[in-house]
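# Structural overview for review
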Amino acid sequence: MSVVQRAPAHIRAISPYVPGKPVGELARELGLDAAGIVKLASNENPSGMSPRARAAVAAALEDSARYPDGSGFELKQVLATRLGVEQASLLLGNGSNDILELVARTFLGPETSAVYAQYAFAVYALAVKAVGARGIEVPARAWGHDLAAMADAITTDTRVVFIANPNNPTGSFLPAHLLEAFLMRMPAHVLVVLDEAYNEYLPPALRYDSLSWLAQFQNLLVVRTMSKIHGLAGLRVGYAVGSPAVVDLLDRVRQPFNVNSLAQAAAAAALEDEEFVRRSHELNRAGMAQILSGLRELNLESIPSQANFISFRVGDAAAVNRSLLQQGVIVRPLSSYGMPEWLRVSIGLSAENTRFLEALAVALKG
Ligand SMILES: *Cc1c(COP(=O)(O)O)cnc(C)c1O
């Protein structure tokens, strides 16, 4: 038997994550000019990063022969002040994806299980399966999390529940009172991972203060990313806020230098640039309205989204996607999520949204 065949069955059973197609890859495949390609496939910030973050990266580059600060002191300091928490409640990650995996490696293993929703962010199932734990996928309700069914699905071997709010790829949102009621129902042996990657995109009326629940629920871990509204996806940095005892365990499992120096510097600067975040939020609100109205004109069904993307139904999504790619527009097909008739588009700059809608109209004519 080969080393590959000897790899644990739970590893061989993993289906790989399907990322948004990189611009360079499409340019190579179709011989297109990369400059003319519009990528609306990975929920990145179409405005790029804050100029303050860019300047911080340039300054940090000078010292890049040195290891980063493994404790992330300065970034944690900024986070602690802004969020009103102790540094001991903070964990940094190489993207929030790193934190999701740390949760799995710290709290899961064979003979344990984790609960997540159908159509929830694909990384939950991947992280769970990679450590040999059992994933319990709970059927969605209106494309979102059915919290009552998720609470019922918890068993004695369940150690983690993953909740994305808003969820990717469906954009569904759970109001605060439902989350709080769910937390009340959770047994102490279950860690609730509340993934708020798109939290900053919520309209003011839907905002809620999940960090205030940490005082009451020691089994809550709130996870956020700098990849989305803060525009640092390529630098890889995310953070989590939880009880110091939980954070301490996660800290023992992480790589000593899991967040690089450029990412730490950029994140600290980006968090301080409230004006950039405000403008990005506004750009997204306007772009969402533009795309929604375009989808309506094309008579396409879409799922109401509270994030910086929207999923819409086109029928033969593979064919529509092929046509979009040929026209130099990259969106995200959702067949790997069990939504073969759907595509997800990230909200871009106004001109990018227009390019997407025009290409979509062409693609639908077939
Ligand atoms: C994009 C995303 C993340 C994290 O991305 P990182 O770049 O690894 O921080 C986490 N959760 C959800 C739901 C996402 O969509």
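Small disclaimer: the values here were computed from a predicted structure and weren't measured.

### Re the overall build of the chain
A count of helices and strands for the chain gives 14 helices and twelve strands. By the burial criterion, 52% of the 366 residues in the chain qualify as buried. Of all intrachain contacts in the chain linking residues separated by at least 6 positions in sequence, the fraction that spans at least 24 positions is 73%. Accessible surface, the chain: about 16400 Å² in total, of which carbon and sulfur atoms supply 54%. In the chain, which carries 32 positive and 34 negative side-chain charges, the distance between the mean positions of the two groups comes to 4 Å.

### Considerations on the UniProt feature "domain: Aminotransferase class I/classII large" (unreviewed entry) in the chain
The UniProt record marks residues 37–359 with the feature "domain: Aminotransferase class I/classII large" (unreviewed entry), using the residue numbering of this structure. For residues 37–359, helix accounts for 39% and strand for 16%, while the C-alpha atoms at its two ends are 12 Å apart.

### A closer look at the site of the ligand
Close to the ligand lie Gly95, Ser96, Asn97, Phe121, Asn168, Asp195, Ala197, Tyr198, Thr225, Ser227, Lys228 and Arg236, which account for all nearby residues. Here an oxygen atom of the ligand and a side-chain polar atom of Asn168 are 2.8 Å apart. In this structure, an oxygen atom belonging to the ligand sits 3.1 Å away from a side-chain N or O atom of Lys228. Contact with the protein chains covers 93% of the free accessible surface of the ligand, which is 390 Å². For the shell around the ligand, the class distribution of residues is three nonpolar, six polar and three charged.

### Remarks on unusual backbone geometry
The step from Asn165 to Pro166 runs through a cis peptide bond, and the omega angle for that step is -10 degrees. Along the chain, the position of Pro166 falls in the loop between β5 (158–164) and α9 (176–185). For the bond from Asn168 to Pro169, the omega torsion is 20 degrees, close enough to zero to count as cis. Its location among the elements puts Pro169 in the loop between β5 and α9. At Arg236, a residue that is not glycine, the phi angle is positive and equals roughly 65 degrees. Position of Arg236 relative to the elements: it lies in the loop between β7 (220–225) and β8 (238–242). For Arg236, a relative accessible area of 30% translates into the label partly exposed. Residue Asn299 is not a glycine yet carries a positive backbone phi of 60 degrees.

### Remarks on helix α5 (residues 73–83)
Of all the positions in α5, only Leu75, Lys76, Val78, Leu79 and Ala80 are classed as buried. For α5, the elements touching its buried residues are β2 (90–93), β8, α10 (244–253) and α11 (261–272). Directly beyond the C-terminal end of α5, a positive phi value near 70 degrees is found at Gly84.

### What to know about the environment of Tyr201
Of note, Tyr201 is situated in the loop between β6 (191–195) and β7. Spatially, the C-alpha atom of Tyr201 lies 9.0 Å from that of Glu282, the residues being 81 residues apart in sequence. Not counting residues up to four positions away in its chain, the partners in contact with Tyr201 are Lys228, Ile229, Ser280, His281, Asn284, Gln306, Ala307 and Asn308. One polar contact links Tyr201 to Asn308, side chain to side chain, over a distance of 3.5 Å.

### Some remarks on the sheet that holds strand β9 (residues 309–313)
In space, the three strands of this open sheet follow the order β9-β12-β11, with antiparallel pairing throughout. Across the chains shown, the open sheet's two edge strands, defined by having one partner strand only, are β9 and β11 (332–333). Across two bridges, β11 lies against strand β12 (residues 342–346) in antiparallel orientation. Counterpart to Arg332 in the pairing with β12 is Arg344. Together, β11 and β12 form the strand contacts of helix α13 (residues 317–326), whose direction differs from that of β12 by roughly 35 degrees.

### Quick notes on the domain arrangement of the chain
Along its sequence, the chain is carved into domain 1 (19–47 + 275–364) and domain 2 (51–272). Distance from the C-alpha centre of domain 1 to the C-alpha centre of domain 2: 26 Å. If you look at the interface, domain 1 gives 23 residues, while domain 2 gives 26 residues. Considering only the surface of domain 1 that becomes buried against domain 2, His281, Gln306 and Tyr337 emerge as the three largest contributors, covering 34% of it.

### Quick look at the environment of Ala351
Along the chain, Ala351 turns up in helix α14 (residues 350–365). With a relative accessible area of 57%, Ala351 lands in the exposed category. Taking the C-alpha atoms as reference points, Ala351 and Gly287, 64 residues apart in sequence, are found 9.6 Å from one another.

Reading the values: rules and limits
- Here, residues in each chain are numbered from 1, in the same order as that chain's written sequence.
- Local features in a predicted model are, by the rule used here, given only for residues with pLDDT of at least 70; side-chain atom pairs are given and counted only at 80 or more, and totals for whole chains, interfaces and linings are based on all residues.
- Note that water and hydrogens are dropped before the side-chain values are worked out from all heavy atoms of the structure.
- Per the convention used, a helix needs a DSSP run of H or I reaching at least four residues, while a strand needs a run of E reaching at least two, with both numbered from the N terminus.
- Exposure is judged per residue with a 1.4 Å probe applied to protein chains only, and the accessible area is read against the type maximum: over 50% gives exposed, under 20% gives buried, and values in between give partly exposed.
- We call two residues in contact when some of their heavy atoms are within 4.5 Å.
- Method for areas: the Shrake-Rupley scheme with a 1.4 Å probe, in which residue coverage is limited to the protein chains shown.
- Neither His nor the chain termini are counted; the positive set is Lys and Arg, and the negative set is Asp and Glu.
- One atom stands in for each charge, and that atom is NZ of Lys, CZ of Arg, CG of Asp or CD of Glu.
- UniProt positions are given in the numbering used here, feature names are shortened, and annotations may be inferred rather than shown by experiment.
- When at least one non-hydrogen atom of a residue lies within 4 Å of a molecule or strand, that residue is treated as near it.
- Under the rule applied, a polar contact is a pair of N or O atoms within 3.5 Å (in protein, one hydrogen donor and one hydrogen acceptor; residues adjacent in sequence only if both atoms are side-chain atoms).
- Lys, Arg, Asp and Glu make up the charged group, whereas Ala, Val, Leu, Ile, Met, Phe, Trp, Tyr, Cys and Pro make up the nonpolar group; the residues left over, Gly among them, are polar.
- Each pair of strands is called paired provided DSSP finds at least two bridges between the two strands.
- Convention adopted: a line fitted to C-alpha atoms gives each axis, helices being fitted over their contacting stretch, and angles between N-to-C directions are expressed from 0 to 180 degrees.
- Domain delimitation follows an automatic or database domain assignment.
- A 1.4 Å probe defines the accessible area here, and the buried area is the portion of it lost by two parts on being joined, summed over both.

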